[in-house]
Amino acid sequence: MSSPTREGETTVPQWLQAGLWGTAAGGALVVGAAVAWLVRVPAAIIAGIMAFGAGVLISALSFELIDEAERSGGLAPTATGFLAGACAYVAANMLLARYGARHRKRSGDRQPSEGDVQGSGTAIAVGALLDGIPESVVLGLSLLDGRGVGIAVLAAVFISNVPEGLSSAAGMKRAGRGAPYVFGVWGGIALASGLAALVGHLTLRDASPATVAMITAVAAGAILTMVADTMIPEAFERAHLFTGLITTLGFLTAFTVERLGA
């Protein structure tokens, strides 16, 4: 329950804040999908935005996640969680790739249609959910210190989710998938993101610093692997030699936001 502040006013419970922030960050996927559905965005622009989002995420997991996890919980839990998250993501991604979800973030014609690979629509939806859950859990964990949501992490997730939704939805449209499927997937993932943030906050609010550090590192490892496996390849395919520069700009932007908010 919320606690009273002044007469007639109440604070929003932290678990509800976690759910709302997670949903808001996941909603950026819907925004990106809507842009891709309504406007034909050039592939080079999509690639540039994807590269920028990749840099933003790398910065956030470096300074807001891994660094903080190591400081609060120690090196061993952080390193263990980081590797575990990477391995878990790779294993799940390999399984989903067998069912047609390998190119789920591609904006071109690499995404298979249901006629090409039976069950690929479900696999792509599950893969998109797999990409979003670690980010949402991190948002929920960022509220555990009582200082409010981590602005740098929130900004990083939101900024990176827009190009993810944009690129993937463009590929879905090219593969012949209709609006109910596209917006059903991204709307469902936005809601699932809110739920993941809420559950992460509730289940770990009484956990030890080492446990929180390990879970944070698991999410960070999964995020970094996702960036390397799905975002960078899409960006490089279209942006080519500019990919590194644009990614660097994204990293610097997120780093600046983190430092100004410190």
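Basis of the calculations
Residues numbered from 1 in each chain as written. Predicted model: local features only at pLDDT ≥ 70, side-chain atom pairs only at ≥ 80, totals over all residues. Heavy atoms only, no water. Helix = DSSP H or I, 4+ residues; strand = E, 2+ residues; numbered from the N terminus. Buried < 20%, exposed > 50% of the residue type's maximum accessible area, 1.4 Å probe, protein only. Contact = heavy atoms within 4.5 Å. Areas by Shrake-Rupley, 256 points an atom, 1.4 Å probe, with all protein chains shown as cover. Axes fitted to C-alpha atoms, helices over the stretch in contact; angles between N-to-C directions. Left-handed = near helix turned anticlockwise from the far one by under 90°. Nonpolar A, V, L, I, M, F, W, Y, C, P; charged D, E, K, R; others polar. Patch = residues over 30% accessible without salt bridge, like charges linked within 9 Å, V, L, I, M, F, W, Y side chains within 5 Å. Salt bridge = Lys/Arg side-chain N within 4 Å of Asp/Glu carboxyl O. Bend = angle between axes of the 7 residues up to and from the residue. UniProt positions renumbered as here; feature names shortened; annotations may be inferred. Lys, Arg positive; Asp, Glu negative; His and termini not counted. Charge placed at Lys NZ, Arg CZ, Asp CG, Glu CD. Phe/Tyr/Trp six-rings, centres within 6.5 Å; stacked < 30°, edge-to-face > 60°.

As named in an unreviewed UniProt entry, the protein is ZIP family zinc transporter, taken from Streptosporangium saharense.

Chemist: In this structure, what is going on with the overall build of the protein? I would like to understand it.
Modeler: Looking only at helices and strands, one finds eight helices and zero strands in the protein. Along the protein, from the amino end to the carboxyl end, the secondary structure elements read α-α-α-α-α-α-α-α. The burial tally for the protein puts 46% of its 262 residues in the buried class. Across the protein, the fraction of contacts at a sequence separation of at least 24, relative to all contacts at a separation of at least 6, is 83%. Here the protein displays about 12200 Å² of accessible surface, and carbon together with sulfur accounts for 67% of that area.

Chemist: So what exactly am I meant to see when it comes to the environment of Ile 58 here?
Modeler: Within the secondary structure, Ile 58 is located in helix H2 (residues 43–73). Given the relative accessible area of 24%, Ile 58 is considered partly exposed. When near neighbours in sequence (up to four residues on either side) are disregarded, Ile 58 contacts Leu 224, Val 227 and Phe 251.

Chemist: I'm lost on the packing of helix H1 (residues 14–38) against helix H5 (residues 151–174) in this one. Help?
Modeler: To describe two helices that pack against each other, one gives the angle between their axes and the distance between the axes. In contact at an axis separation of 7 Å, H1 and H5 are set at 35° when each is read in the N-to-C sense. Crossing handedness for the pair H1 and H5: right-handed. Here Trp 21, Ala 24, Ala 25, Gly 26, Ala 28, Leu 29, Gly 32, Ala 33, Val 35, Ala 36 and Trp 37 of H1 lie close against H5, whose contacting residues are Leu 154, Val 157, Phe 158, Asn 161, Val 162, Glu 164, Gly 165, Leu 166, Ala 169, Ala 170 and Lys 173. The residue inventory of the contact of H1 with H5, partitioned by class, reads 16 nonpolar, four polar and two charged.

Chemist: Quick question: what am I supposed to make of the side chain of Thr 247 here?
Modeler: By secondary structure assignment, the location of Thr 247 is in helix H8 (residues 243–261). Excluding residues within four positions of it along the chain, Thr 247 makes contact with Ala 51, Ala 54, Gly 55 and Ile 232.

Chemist: What is the right way to look at a nonpolar patch on the surface in this model?
Modeler: Together, Val 12, Trp 15, Leu 16, Leu 20 and Leu 202 make up a nonpolar patch on the protein surface, roughly 400 Å² of accessible area in all. Top contributing element to the nonpolar patch by residue count: H1, with three residues. Mapped onto the fold, Leu 16 is located in helix H1. Judged by its relative accessible area of 32%, Leu 16 is partly exposed.

Chemist: Where do I start with helix H7 (residues 209–239) in this structure?
Modeler: Two residues of an α-helix separated by three or four positions point the same way, owing to the 3.6 residues in each turn. By the largest-angle criterion, Val 227 marks the main kink of H7, which is about 35°. Immediately beyond the C-terminal end of H7, within one or two residues, lies His 240, with a positive phi of roughly 55°.

Chemist: Would you take a moment to explain the UniProt feature "transmembrane region" (unreviewed entry) in the protein for this structure?
Modeler: Sequence positions flagged by UniProt for "transmembrane region" (unreviewed entry) are, in local numbering, residues 20–39, 44–63, 75–96, 181–204, 210–227 and 239–257. In residues 44–63, the share of helix is 100% and the share of strand is 0%. The end C-alpha atoms are 29 Å apart. Taken end to end, residues 75–96 has its terminal C-alpha atoms 32 Å apart, with 100% of it in helix and 0% in strand.

Chemist: Quick question: what am I supposed to make of a positive patch on the surface here?
Modeler: Together, Arg 40, Lys 173, Arg 174 and Arg 238 line one region of the surface with positive charge. Within the secondary structure layout, Arg 238 lies in helix H7. On the basis of relative accessibility, which here comes to 34%, the residue Arg 238 falls in the partly exposed class.

Chemist: Looking at this structure, how should I read the packing of aromatic side chains?
Modeler: Ring pairs (aromatic) are described by centroid distance and by the angle formed between their planes. Considering all chains together, one arrives at three aromatic pairs under this definition. On the basis of an interplanar angle of 65° and a centroid distance of 5.8 Å, the ring pair of Phe 63 and Phe 251 is categorised as edge-to-face. Separated by 188 residues along the polypeptide, Phe 63 in helix H2 and Phe 251 in helix H8 bring together distant segments of the chain. Classification of Phe 63 as partly exposed rests on a relative accessible area of 26%. Relative to Phe 255, the ring of Phe 63 has its centre 4.9 Å away and its plane inclined at 55°; by these criteria the two rings are tilted. Of this pair, Phe 63 sits in helix H2 while Phe 255 sits in helix H8, and the two are 192 residues apart along the sequence. By relative accessible area, which is 25% here, Phe 255 ends up partly exposed.

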